[in-house]
Amino acid sequence: MGGLAEAQVVDAVDAVVRRDVALAQALIVRDLRLDTFQAEVERRALRLIAEHRPDEADLRRAISTLKLAMNLERSGDLARNIAKRSLALSAAEPLLPLVGAIERMGRLVAARLREVLDAYASGEVELALGVWRRDGEVDEHYESLFRELLVYMANEPNAVASGAHLLFIAKNLERIGDHATNIAEILHFQVTGEELAGERPKVSLPGAPAEAAR
């Protein structure tokens, strides 16, 4: 499930950058597999809890797995949303410098997701915490891109529609970054039994768009 979610994010960014309609359409259909996997994870975890009376460590693992599956499914939803917006962008004039910024942010977010999934698979809490501590880097990319897009749209009225799609794509990437940090927190709880202390590093950007993935 983690590998599929990571591939969805990478392909969504590629669909935007390459204006690849076929890739975007395939990604949208493929997202249904994540929903199926999440339902299977929930079924197995709940059966474990109900039938096997797990000890504390196994109970934490079951609860953590439920949370992990939810975060991966939501990341897939966000990637699907990016793919849908790439279809609209493919029919408009390309905003090349801004698409380049989206690509850089997308690569960063995909790398964070890959790192934290590797950490989860190996049980390396410190590696996961490294992703958690660097969450602010994703926010900084988003803030820079957000301001750049606003300036561009103010100077190029004909680019407002495409710029709005890019704004929401950037927001969805930022939210995928949040899911990566959620996974780091989930692993910390699974291994230690304790919530991660302290606030995660964040950059708050007033006026940024908010959108549900669905």
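Whatever comes next refers back to the structure up there.
Residues numbered from 1 in each chain as written. Predicted model: local features only at pLDDT ≥ 70, side-chain atom pairs only at ≥ 80, totals over all residues. Heavy atoms only, no water.

## Notes on helix 1 (residues 2-18)
Condition: Labels follow the DSSP assignment, with helices taken as runs of H or I lasting at least four residues and strands as runs of E lasting at least two, numbered in each case from the N terminus. In this analysis, the expected span of each helix is defined as 1.5 Å times one less than the number of residues it contains. Per-residue accessibility, obtained with a 1.4 Å probe over protein chains only, is compared with the maximum for each type, and a residue is labelled buried under 20%, exposed over 50%, and partly exposed between these values. Contact definition: two residues touch when any of their heavy atoms are within 4.5 Å.
For helix 1, spanning 17 residues, the distance from its first C-alpha to its last is 24 Å, which sits close to the expected 24 Å at 1.5 Å a residue. Among the 17 residues in helix 1, 12 count as buried, and that is most of the element. Residues Gly 2, Leu 4, Ala 5, Glu 6, Gln 8, Val 9, Asp 11, Ala 12, Val 13, Asp 14, Ala 15 and Val 16 constitute the buried set of helix 1. Those residues of helix 1 that are buried lie in contact with helix 2 (21-52), helix 3 (56-90), helix 4 (96-122) and helix 7 (160-192). Downstream of helix 1 by a residue or two, Arg 19 has a phi angle that is positive, lying close to 55°.

## Describing unusual backbone geometry
Positive phi values are uncommon outside glycine, yet Arg 19 reaches one of about 55°. Considering the arrangement of structural elements, one finds Arg 19 in the loop between helix 1 and helix 2. Overall, Arg 19 belongs to the partly exposed group, its relative accessible area being 32%. For Arg 53, which is not glycine, the phi torsion reads 45° and is therefore positive. Here Arg 53 is to be found in the loop between helix 2 and helix 3.

## Brief notes about the side chain of Ser 64
With respect to the helices and strands, the residue Ser 64 is situated in helix 3. On the accessibility criterion, Ser 64 (1% relative accessible area) is buried.

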